[in-house]
Amino acid sequence: MINTTEYNLPDIQLLEKKTNQFLVWTPDKPYIVLGASNRADEALHVENVKQDNIAVLKRPSGGQTVMLTPNILLIAAVYFNHNSARPKEVFTNINSRIVEVLQDLGIRNLSLMGISDIAISGRKILGSAIYRNNNALLYHAVLNIGEPASTFERYLKHPVKEPDYRRGRSHSEFVTSLRETGFLHSFHHLAEKLTASFANHTLHE
């Protein structure tokens with residue numbers, strides 16, 4: 001049995017600000033975050049999680065379980081009065097902007113995959129999810145800068161649902177990182193580029 005706590009990381013706090021906001025940040029330590037429909041016993045290698053004392057949270061948004069570490073960049077945007085926005089359009093719009101930033105920094109072979117992923121040569125580097133309440137829509141994403149896929153193998157089971165392009169591949173076969181592609185920029189530099197690209201869009205949409 002694993003104790004889970006309500007998702008309380010910085011991006012969820014954007015919903016309290018009542019204005020369109022954008023946030024790029026890095027976790028202070030490892031976390032495991034269950035999707036709204038996930039169960040810890042189905043999604044996790046429970047003994048490894050317990051042994052390493054990894055905090056397990058449950059977020060209100062959909063999608064599958066993710067691992068957050070200081071080697072991962074988190075990207076979030078909240079839009080108020082966007083109840084009519086369709087999730088697929090939101091994913092395409094925001095993920096396309098992220099692709100543009102990464103391409104400007106020299107990353108090649110990027111593509112939008114599945115419902116809400118970004119991949120390099122068919123291997124996932126970003127996954128995203130949406131939470132919507134009566135007033136706001138929250139998009140948040142996990143961009144793998146340098147976390148080895150072996151970390152995900154240790155804690156996360158194969159998901160019960162997967163995008164078609166995964167084709168049953170293990171975490172190590174399916175997931176890659178920017179560092180593995182030769183990305184040499186700092187977290188800070190990438191965060192600045194993303195923030196500059198998104199600021200005007202997020203605040204005025």
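Note that the structure is a prediction, hence the values are computed from the model and not measured.

**A closer look at the sheet that holds strand β4 (residues 55-58)**
In spatial order, the strands read β1-β4-β3-β5; together these four strands make up an open sheet with mixed pairing. Each edge of the open sheet carries a strand with a single partner, namely β1 (5-6) and β5 (66-68). Of the pairings in the sheet, the one linking β1 to β4 comprises two bridges and is parallel in character. Looking at the pairing, Glu-6 lines up with Lys-58 of β4.

**Regarding the nonpolar core**
One finds Ile-32, Leu-44 and Val-49 to be the most contacted residues of the largest nonpolar core, which totals 36 residues. Taken together, the elements giving at least two residues each to this core come down to β3 (31-34), α1 (40-43), β4, β5, β6 (72-80), β10 (136-144) and α4 (149-155). Top contributing element to this core by residue count: β6, with five residues. Those residues in contact with Leu-44, other than ones at most four positions away along the chain, are Ile-2, Ile-32, Leu-34, Val-49, Val-56, Thr-65, Tyr-155, Leu-156 and Lys-157. Counting 33 residues, the second largest nonpolar core, distinct from the first, contains Val-24, Ile-75, Tyr-79 and Leu-102.

**A closer look at the pairing of strand β9 (residues 123-132)**
Bridge count for strand β8 (residues 117-120) against β9 is four bridges, and the pairing is antiparallel. The residue bridging Ala-119 from the neighbouring strand is Lys-124, located in β9. Hairpin connection, β8 to β9: the antiparallel pair is bridged by two residues, and Ser-121 has positive phi, about 50 degrees. Relative to β10, β9 is paired through seven bridges, and the arrangement is antiparallel.

**Things to note about the sheet that holds β8**
Strand order in the open sheet formed by six strands is β2-β6-β10-β9-β8-β7, with antiparallel pairing between adjacent strands. On the outer flanks of this sheet lie β2 (21-25) and β7 (110-113), each paired with one strand and no other. Pairs of neighbouring strands in the sheet enclose a mean axial angle of 15 degrees, with direction left out of account. Of the pairings in the sheet, the one linking β2 to β6 comprises five bridges and is antiparallel in character. The residue of β6 that forms the bridge with Trp-25 is Leu-74.

Conventions we followed
- Residues numbered from 1 in each chain as written.
- Predicted model: local features only at pLDDT ≥ 70, side-chain atom pairs only at ≥ 80, totals over all residues.
- Heavy atoms only, no water.
- Pairing = 2+ DSSP bridges.
- Helix = DSSP H or I, 4+ residues; strand = E, 2+ residues; numbered from the N terminus.
- Core = buried A, V, L, I, M, F, W, Y, C linked by side-chain atoms within 4.5 Å.
- Buried < 20%, exposed > 50% of the residue type's maximum accessible area, 1.4 Å probe, protein only.
- Contact = heavy atoms within 4.5 Å.
- Axes fitted to C-alpha atoms, helices over the stretch in contact; angles between N-to-C directions.

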